[in-house]
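# Understanding the architecture of this molecule
Residues per chain, in single letters:
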Amino acid sequence: KRNLDKSNAQFQRALKRLPLGVSSTFRYWGDDRTIYVHHGKGGRTWDIDGNNYVDYRLGYGPAILGYADDRVDAAASKGMEVGGVFALSTERELIVADRISRMVPAAELVRFSNSGTEAVMAALRLARAYTGREQYLLVEGGYHGLFDAAMWMSNMDEWDLGSNQDPELVPYGKGIPPTVKQLAHITPMNNYERLEDMFKKHGDKLAAMLIEPIQGNCCSIMAEVEYVRLARELCTKYGVMLIIDEVKSGFRVGKSGIQGLMGVTPDITTFAKAVANGYPISVVAGREEVMRHFRYGGASHGGTYTAHSVSLAAAEETLRILDETDALETIANYGESLKAGISKILDARNIVHSYTGHPSMFGLFFAETPPNNYRAWKTSDYSFYDTMAHYLHDLNIIVEPDSREPWFICEAHGKDPSCLTDTLNAVERAV
Ligand code: PMP
């Protein structure tokens, strides 16, 4: 078992100044398991006790090439020379926007923000400005950021799907005002009938439908291609903006994201995470006619730190690498090898299992068929996974501790053969 003495002591000190001892609630992994990082390099993270982990969390996905990538960091240093933020624009914004537009055809026009939350907030506002409507539709199990409008679930247990009734919306936590939910609707993923009913009942009042076709915060549960296509058709029919949230999947599952793989064109898309290999930047992009509503007298959008020169320079280099090299292939191949290796270990013990998502961000399930929506996921027993994950932490592999998020792969994993062997040896022992 690894030594966490320094992390444990840091946790006790941090508790006095930082709520729960951390800066994001999800980084708290228990009083004696919360890790403090010394540094990361490539596909590995070192904690302050000197433990060296193969890391499949990658900061919730952003480190697509690996931590402290020399190419990206050199570019970021050049960005530093530009001088920070100006209350003015720089030339690099257009260079990066052009690249995004070439990679993702639906991104006709591009605006930058700082975080995924901000990009989705801007996307929803834009949809409202364009349509003149206020209501919006969420898909169960999706996560679109911290803002009040996004943080709603259904009262899943009591919602009779067959009854054509709308669910009671339940907030993700306290501090989210109930008045907000009057504008929100929710529908279960991959349930075609409910989706059609929803549009029949509310379609003409909806500004937007928000969907994460790979639910990166719900273990990579996938929307069926036909489901996303139906969403596209219904949105077009009812004049609703289809917002595909690619904050996690964008520039990871393919050069043109999950929308490219599924062949579905959204009106508005959001990106973040992989755009700049971890430097803070996000993107809201979409159809020209819609995006032109970002203007005086239209949808308000701005932000002191938007298009920060360091993040932009990092984005330019990260996207160049993802677009012009075989980095995404290296990532997907590693993901396939890892899945095959894990399966071999599990099959040898007749342990039934399955995977969701994409090789670059996959979920592992101990069931013959993986869940295809949040309610199936929520009601399954993941105790075996959770126990395995805790053993893996002790064996120096960082994976999601409680089957919430997928395993993320970076290019550096694929370039360092010891990542695969270390992981599979640990899985063997943990299982
Ligand atoms: N949308 C999706 C699909 C996400 O995965 C996330 C973050 N997990 C967000 C939005 C919010 O992004 P951020 O944490 O950068 O605000």
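Definitions and limits used
Residues numbered from 1 in each chain as written. Predicted model: local features only at pLDDT ≥ 70, side-chain atom pairs only at ≥ 80, totals over all residues. Helix = DSSP H or I, 4+ residues; strand = E, 2+ residues; numbered from the N terminus. Rg over C-alpha atoms; globule rule 2.2 N^0.38 Å. Buried ≥ 20, exposed ≤ 12 C-beta atoms within 10 Å, placed from the backbone. Contact = placed C-beta atoms within 7 Å. Near = placed C-beta within 6 Å. Axes fitted to C-alpha atoms, helices over the stretch in contact; angles between N-to-C directions. Parallel < 35°, antiparallel > 145°, perpendicular 65-115°, else oblique. Left-handed = near helix turned anticlockwise from the far one by under 90°. Pairing = 2+ DSSP bridges. Domains from an automatic or database assignment. Nonpolar A, V, L, I, M, F, W, Y, C, P; charged D, E, K, R; others polar. Core = buried A, V, L, I, M, F, W, Y, C linked by C-beta atoms within 7 Å. Expected span 1.5 Å × (residues − 1). Arc of directions from axis to C-beta.

### Considering the overall build of the protein
Across its full length, the protein holds 14 helices and 18 strands. Relative to the 2.2 N^0.38 estimate, which gives 22 Å for 431 residues, the radius of gyration of the protein is 21 Å and therefore close to what a compact globule would have. Based on the C-alpha atoms only, the size of the protein along its principal axes is roughly 60 × 55 × 45 Å. The proportion of buried residues among the 431 residues of the protein is 48%. Here the contacts in the protein between residues at least 6 apart in sequence split such that 73% fall between residues at least 24 apart.

### So, the site of the ligand
The immediate surroundings of the ligand are formed by 16 residues, with S115, G116, T117, G145 and V247 found nearest. It is helix α4 (residues 116-131) that provides the largest number of residues to the shell around the ligand, a total of three residues.

### Points about the packing of helix α3 (residues 92-103) against helix α9 (residues 309-324)
In contact at an axis separation of 9 Å, α3 and α9 are set at 30° when each is read in the N-to-C sense. It follows from the interaxial angle that α3 and α9 lie roughly parallel. The hand of the α3/α9 crossing is left-handed. Here R92, E93, I95, V96, R99, I100 and M103 of α3 lie close against α9, whose contacting residues are L312, A313, A315, E316, L319 and D323.

### Comments concerning unusual backbone geometry
For A68, which is not glycine, the phi torsion reads 45° and is therefore positive. Relative to the helices and strands, A68 is located in the loop between β3 (52-55) and α2 (70-82). A tally of 15 C-beta atoms within 10 Å means that A68 is categorised as partly exposed. A positive phi angle, near 55°, is found at A307, a position not held by glycine.

### Description of the sheet that holds strand β16 (residues 361-365)
With antiparallel pairing, the three strands of this open sheet are ordered in space as β15-β16-β18. Each end of this open sheet is capped by a strand with a single partner; those strands are β15 (354-358) and β18 (407-408). As paired elements, β15 and β16 share five bridges and run antiparallel to each other. Among the inter-strand pairings, Y355 is bridged to a residue of β16, identified as L364.

### Some points on the sheet that holds strand β17 (residues 397-398)
Here four strands make up an open sheet; going across it, the order is β1-β2-β3-β17 and the pairing mixed. Each edge of the sheet is formed by a strand with only one pairing partner; in this case those strands are β1 (37-41) and β17. Direction of pairing for β1 relative to strand β2 (residues 44-47): antiparallel, over a ladder of four bridges. Across the sheet, H39 pairs through a bridge with W46, a residue of β2.

### Regarding the domain arrangement of the protein
Taken domain by domain, the protein holds domain 1 (5-68 + 326-430) and domain 2 (70-324). Each of domain 1 and domain 2 has a C-alpha centre, and the two are 25 Å apart. The interface of domain 1 with domain 2 comprises 27 residues on the first partner and 29 residues on the second. At four residues, helix α11 (residues 374-378) tops the list of elements feeding residues into the side of domain 1 that touches domain 2. For the side of domain 1 that touches domain 2, the residue count by class is 13 nonpolar, ten polar and four charged.

### Section: the nonpolar core
Ranked by size, the top nonpolar core spans 118 residues in total, and within it A123, A127, A208, M209, M241, I243 and V275 carry the most contacts. Examining the composition of this core, we find that nine residues originate from one element, α4, more than from any other. Looking at which domains feed residues into this core, each of domain 1 (5-68 + 326-430) and domain 2 (70-324) supplies at least three. Those residues in contact with A127 that lie beyond four places of it in its chain are A207, A208, M241, I243 and I268.

### Section: the pairing of strand β4 (residues 109-113)
Taken across its five residues, β4 has four buried, putting it largely inside the fold. Pairing analysis gives five bridges linking β4 to strand β14 (residues 282-286), with the strands arranged antiparallel. What sits directly across from F112, in β14, is V283.

### Overview of the environment of T265
By the element assignment, T265 lies in the loop between α7 (257-262) and β13 (268-271). Dropping the residues within four chain positions of it, T265 is found in contact with A106 and Q259.

### Some remarks on helix α10 (residues 327-347)
When the terminal C-alpha atoms of α10 are compared, their 30 Å separation across 21 residues agrees well with the 30 Å that a helix rising 1.5 Å per residue should span. Those residues of α10 not exposed but buried are A327, L328, I331, Y334, G335, L338 and I342. For α10, the buried positions fall inside an angular range of 125° around the axis, keeping them on one side. Opposite the packed face of α10, turned more than 90 degrees from it, sit the exposed residues E329, A340, K344 and D347. Structurally, α10 contributes buried residues whose contacts are with α9, β16, α13 (411-415) and α14 (417-430).

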